[in-house]
Amino acid sequence: GAPVVLTTTDPAAHLAETLEQSALSIQVERIDPEAETRAYVERVLSVRGSGMSPAELALLEEDLASPCSEEVAVFHAFSRVIGRGRKEYVVIDTAPTGHTLLLLDTTGAYHHEILRSMGESSVAGKAVTPLMRLRDPEFTRMLIVTLPESTPVREASELQTDLRRAGIEPYGWVVNGSLLAAGTTDPLLAARALEEKPLIEVVVNDLADRIALVPWLIEEPVGEDQLLALAGASSAETPELVKI
């Protein structure tokens with residue numbers, strides 16, 4: 001019943017199909033780097049390009065063709081989405097590498113530039129940067145999603161280290177697609193499920209303050225009913241491993 005915006009920076013995302021958007025009152029969007037860059041370039045040309053000579057305009061267009069334009073354009077889109085969190089619940093689905101870390105770097109650089117230009121003492125109470133919002137645990141809850149496998153857990157741990165270095169403390173972890181939580185009785189799958197146990201224990205004991213363990217499902221959870229059932233199933237078949 002609350003206003004919810006779900007957006008993604010992942011070009012491979014299939015959010016609308018999973019949610020069956022027509023049945024839910026969730027606004028599904030996507031931060032498309034190409035579309036954001038086109039809009040940014042057009043906006044800059046319309047504002048700064050008027051009155052320029054052909055040579056000056058050519059130089060501006062060449063400058064806007066650099067990779068920096070995409071970074072700035074996606075950062076602006078990212079900042080707009082974060083700002084909407086003042087009035088709506090905003091869920092941002094993003095990958096642990098690539099654009100996400102680039103966005104954090106750009107967000108941090110913007111934050112430090114604001115502090116430098118205004119003076120750190122004068123910023124307090126006057127300006128709120130996107131990084132300030134991401135660091136605010138009352139405003140942002142960062143969830144790390146991983147699989148109970150060695151490489152994903154290691155990469156997720158490295159991401160958590162990067163986030164903490166940026167002053168962002170993850171709220172909790174989601175361990176997805178767990179055979180251990182599914183309670184399988186198949187001998188082969190049960191043997192593989194036991195291999196998950198030490199990895200889940202590492203997450204519980206060493207990495208996460210909160211964890212949701214999501215079982216492996218036979219069918220993809222599509223639509224409101226199955227997603228609600230999935231949320232309920234994220235309590236533990238193995239309660240000694242999971243704290244929520």
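Details of the structure are given in the entry above.
Here the structure is a predicted model, which is why all the values come from computation and not from measurement. (Residues numbered from 1 in each chain as written. Predicted model: local features only at pLDDT ≥ 70, side-chain atom pairs only at ≥ 80, totals over all residues. Heavy atoms only, no water.)

Undergrad: I'm lost on the overall build of the chain in this one. Help?
TA: When helices and strands are counted, the chain shows 11 helices and 6 strands. Relative to its full complement of 244 residues, the chain shows a buried share of 34%. Residue pairs in contact within the chain that sit at least 24 positions apart in sequence constitute 63% of those at least 6 positions apart. (Helix = DSSP H or I, 4+ residues; strand = E, 2+ residues; numbered from the N terminus. Buried < 20%, exposed > 50% of the residue type's maximum accessible area, 1.4 Å probe, protein only. Contact = heavy atoms within 4.5 Å.)

Undergrad: How do you make sense of the side chain of Thr146 when you look at a structure like this?
TA: Residue position: Thr146 is located in strand β4 (residues 143–146). Overall, Thr146 belongs to the buried group, its relative accessible area being 5%. A polar contact of 3.5 Å, which involves the side chain of Thr146, links it to the backbone nitrogen of Val153. The contacts of Thr146, once residues within four sequence positions are left out, are Pro152, Val153, Ala156, Trp173, Val174, Val175 and Asn176. (Polar contact = N/O pair within 3.5 Å; in protein donor to acceptor, adjacent residues only side chain to side chain.)

Undergrad: Would you mind going over helix α10 (residues 187–207) with me for this structure?
TA: Two residues of an α-helix separated by three or four positions point the same way, owing to the 3.6 residues in each turn. The end-to-end C-alpha distance of α10 is 30 Å, a good match for the 30 Å that 21 residues give at a rise of 1.5 Å each. At Lys197, α10 is deflected by roughly 25°, the largest bend along its length, and proline Pro198 occurs up to four residues later in sequence. Looking at α10, one finds that the buried residues are Ala193, Glu196, Ile200, Val203, Val204 and Leu207. Residue Asp186 occupies the N-cap position of α10, its side-chain oxygen lying 3.1 Å from the main-chain nitrogen of Leu188. (Expected span 1.5 Å × (residues − 1). Bend = angle between axes of the 7 residues up to and from the residue.)

Undergrad: Just to check I follow, could you spell out the sheet that holds strand β3 (residues 89–93) for this structure?
TA: The strands that make up a sheet are held in pairs by hydrogen bonds between backbone atoms, and each pair lies either parallel or antiparallel. On the basis of which strands lie adjacent, the open sheet formed by 3 strands has the order β2-β1-β3 and parallel pairing. The open sheet has two edge strands, β2 (26–28) and β3, and neither has a second partner. Taking each pair of neighbouring strands and ignoring which way they run, the sheet shows an average axis angle of 20°. In this structure, strand β1 (residues 4–8) lies alongside β3, joined through 5 bridges in parallel fashion. (Pairing = 2+ DSSP bridges. Axes fitted to C-alpha atoms, helices over the stretch in contact; angles between N-to-C directions.)

Undergrad: How should the pairing of strand β6 (residues 211–215) be read in this particular structure?
TA: Successive residues of a regular strand alternate their side chains across the two faces of the sheet. Burial analysis of β6 places 5 of its 5 residues in the buried class, the great majority of the element. In the sheet, strand β5 (residues 172–178) pairs with β6 via 4 bridges, with the strands oriented parallel. Paired with Trp173 across the bridge in β6 is Ile211.

Undergrad: Honestly, the sheet that holds β5 in this entry has me stumped. Any pointers?
TA: Read from one edge to the other, the open sheet built from 3 strands follows the order β4-β5-β6, with strand pairing classed as parallel. The outermost strands of the open sheet, each flanked by one partner alone, are β4 and β6. Geometrically, the sheet is characterised by an average inter-axis angle of 15° between neighbouring strands, direction not taken into account. Two elements, β4 and β5, share 4 bridges in a ladder whose sense is parallel. Looking at the pairing, Ile144 lines up with Trp173 of β5. Packing against the sheet, helix α8 (residues 150–165) makes contact with β4 and β5, and its axis sits at approximately 160° to β4. Against the sheet, α10 makes contact with β5 and β6, and its axis sits at roughly 170° relative to β5, the strand it touches most.

Undergrad: Help me understand the environment of Arg30 in this model?
TA: Along the chain, the position of Arg30 falls in the loop between β2 and α2 (33–48). Using a relative accessible area of 41% as the deciding quantity, one classes Arg30 as partly exposed. Taking C-alpha positions, Arg30 is 9.2 Å from Leu15, a pair spaced 15 residues apart along the chain.

Undergrad: What am I meant to see in the pattern of salt bridges here?
TA: Two side chains bearing opposite charge may form a pair once their charged atoms approach each other closely. On inspection of all chains with the given rule, the structure shows 8 salt bridges. Notably, a salt bridge pairs Arg80 with Glu36, separated by 3.1 Å at the nearest N-O pair. One end of the pair, Arg80, is in helix α4 (residues 67–83); the other, Glu36, is in helix α2, with 44 residues separating them in the sequence. Of the residues examined, Arg80 reaches a relative accessible area of 45% and is grouped as partly exposed. Looking at Glu36, the relative accessible area reads 19%, which means it is buried. Residue Glu149 is joined to Arg192 by a salt bridge in which the shortest nitrogen-to-oxygen separation is 3.6 Å. Taken as a pair, Glu149 in the loop between β4 and α8 and Arg192 in helix α10 lie far apart in primary sequence, 43 residues in all. What emerges from the salt-bridge pattern is a single network uniting Glu29, Arg84 and Glu88. (Salt bridge = Lys/Arg side-chain N within 4 Å of Asp/Glu carboxyl O.)

No statement about biological role is implied by the geometric values presented.
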